[in-house]
Structures are given as structure tokens and as C-alpha cells.
Amino acid sequence: MKRIALLLLAVMAFGGASTVSAQKRKAEEKAFEEATARRLEPEVRVFIRPMVCDLKLLTTDRETFGPYPFTIKGLDQLTEEEFLSIKSRALYQAAKENEADAILEPLFYSYCNAKEPKTMYIELSGYPVKYINFHPLKDDEVDMVEKVYTRNWTDFWENKAPNIVTTNTQNTK
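Each chain has its residues counted from 1, following the order in which its sequence is written. Per-residue local features of the predicted model are confined to residues with pLDDT of at least 70, and side-chain atom pairs are confined, for both listing and counting, to 80 or more; whole-chain, interface and lining totals are unaffected and use all residues. Hydrogens are left out, water is left out, and the side-chain values use all remaining heavy atoms of the structure.

**Considerations on the overall build of the protein chain**
For step 1, the next point in the chain: Check the secondary structure of the protein chain and you find four helices and five strands.
For step 2, the next point in the chain: Across the 173 residues that make up the protein chain, the buried fraction comes to 31%.
For step 3, the next point in the chain: All accessible areas in this document rest on Shrake-Rupley with a 1.4 Å probe, and a residue is counted as covered only by the protein chains that are shown. Accessible surface, the protein chain as shown: approximately 11400 Å² in total, 53% of it carbon and sulfur. In this text, helices come from DSSP runs of H or I with a minimum length of four residues, and strands from runs of E with a minimum of two, each type numbered from the N-terminal end. Classification of residues uses two cut-offs on accessible area relative to the type maximum, computed with a 1.4 Å probe and protein chains only: under 20% is buried, over 50% is exposed, and between them is partly exposed.

Right under this line is the structure:
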């Protein structure tokens, strides 16, 4: 169970490929629209007896949150830094609404309506989670963490990543 949780944490940290289905949206004229998938934040590495934890899913289904409205100066004045801040604030609101520590694998949908060009709306979906069972990294968990955090991404994309074997999976890349 702990190895599964660590593997899930590792997949969350480095993202996983999955299929995203398009959702039907009400036809509206928009002055701006943007969508993002598999954004990863933040990565924490500790080199003195790291702490690890398990993730407790608060729901087994992807949940949708928002739309959250945010006032902006205008699309022509919106910087990428401000845009990322707005998305982070929406993610915070979604976690707070669900009393979650994080939203696992968030997908963002951002837009401005032509009628309200100074209001940006952010919708997101994901899995609300709580961090549980904090403990120092055990000797039998070190091997998996080393494989996950030290792999070369070129090797990963070329299908040369080392196998990560847990009690529930075998020969899984």
C-alpha cells in the first residue's frame, strides 16, 4: 500500500499521460480562451532523511470546480505571471472548498467573455486529496524514490526509463 502511494506521488510529481475527453461548452463569443493540462507544482526535494506521505483520495471521480471569476486590467495587459497567479488562486479556492491539501492532476480551462473583457474565468477539474501517514523515508522505499527522482527525461520519452516494480505492478515503465 505504501509503495502504491509513493508511486502515485511520483506520478503526480512528474505527470502521466492520460486521455482527456473534450467537454461540450455552451456556445458563447469569447474574447479569450486558454486550456492547460498536466501542470506540475511544486517539487520539493530534501536530502536529510526525507519525509514521505500517502495520498488519500477524497473522491474517486474527477471533480469540476468553478468557474472562479477574477478581475483583470484587460487581456492586452495580462502578463503570463499574472495569469499563472490567477490559476494558482483558483486552484487554492478549489482545494479550500473541498478541505483538501491539494488537487491531484488539475486540468484548467480559462476564458474571458466578450461582454466582460475585464473578468477572467477559471474552471478546473481534478482529484482532491489529503496528505496522510507522514513518515521518514524507509530503507525499502529508497530504491523506488531514487528511480523516480533521478531518471533522465530523454530516456523516459525514448522508452528507456528504468522499471519501477512495486508489489502490485511488475515491469511497469
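**Concerning the nonpolar core**
For step 1, the next point in the chain: Formed by 15 residues in total, the largest nonpolar core has its most connected members in Tyr68, Ile122 and Leu124.
For step 2, the next point in the chain: Of all elements in the fold, only strand S3 (63-71), helix H2 (80-97), strand S4 (102-113) and strand S5 (119-136) reach the threshold of two or more residues within this core.
For step 3, the next point in the chain: A total of five residues in this core trace back to one element, the largest contributor, which is H2.
For step 4, the next point in the chain: A contact between two residues is defined here by any heavy atoms of the two lying within 4.5 Å. Setting aside residues up to four positions removed in sequence, tyrosine 68 forms contacts with Ala90, Gln93, Ala94, Glu97, Met120, Tyr121, Ile122 and Leu124. By nonpolar core we mean a set of buried residues, namely Ala, Val, Leu, Ile, Met, Phe, Trp, Tyr and Cys, connected to one another through side-chain atoms within 4.5 Å.

**Remarks on the pattern of salt bridges**
For step 1, the next point in the chain: A carboxyl oxygen of Asp or Glu within 4 Å of a side-chain nitrogen of Lys or Arg is what we treat as a salt bridge. For the structure on display, the rule yields one salt bridge.
For step 2, the next point in the chain: A salt bridge links arginine 62 to glutamate 105; its shortest N-O distance comes to 4.0 Å. On the criterion of sequence distance, the pair formed by arginine 62 in the loop between strand S2 (51-57) and S3 and glutamate 105 in strand S4 is long-range, its members being 43 residues apart.

**With respect to the environment of isoleucine 132**
For step 1, the next point in the chain: Relative to the helices and strands, isoleucine 132 resides in strand S5.
For step 2, the next point in the chain: The sequence separation of isoleucine 132 and aspartate 101 amounts to 31 residues, and the corresponding C-alpha distance is 9.9 Å.
For step 3, the next point in the chain: Not counting the four nearest positions on each side in its chain, isoleucine 132 is found in contact with Cys53, Asp54 and Lys56.

**As for unusual backbone geometry**
Leaving glycine out, the prevailing phi sign among residues is negative, and the prevailing peptide bond configuration is trans.
For step 1, the next point in the chain: In this structure, the amide linkage connecting glycine 66 to the following residue, proline 67, adopts the cis form with an omega of 10 degrees.
For step 2, the next point in the chain: With respect to the helices and strands, the residue proline 67 is situated in strand S3.
For step 3, the next point in the chain: Phi is positive for asparagine 133, close to 55 degrees, though the residue is something other than glycine.
For step 4, the next point in the chain: Along the chain, the position of asparagine 133 falls in strand S5.

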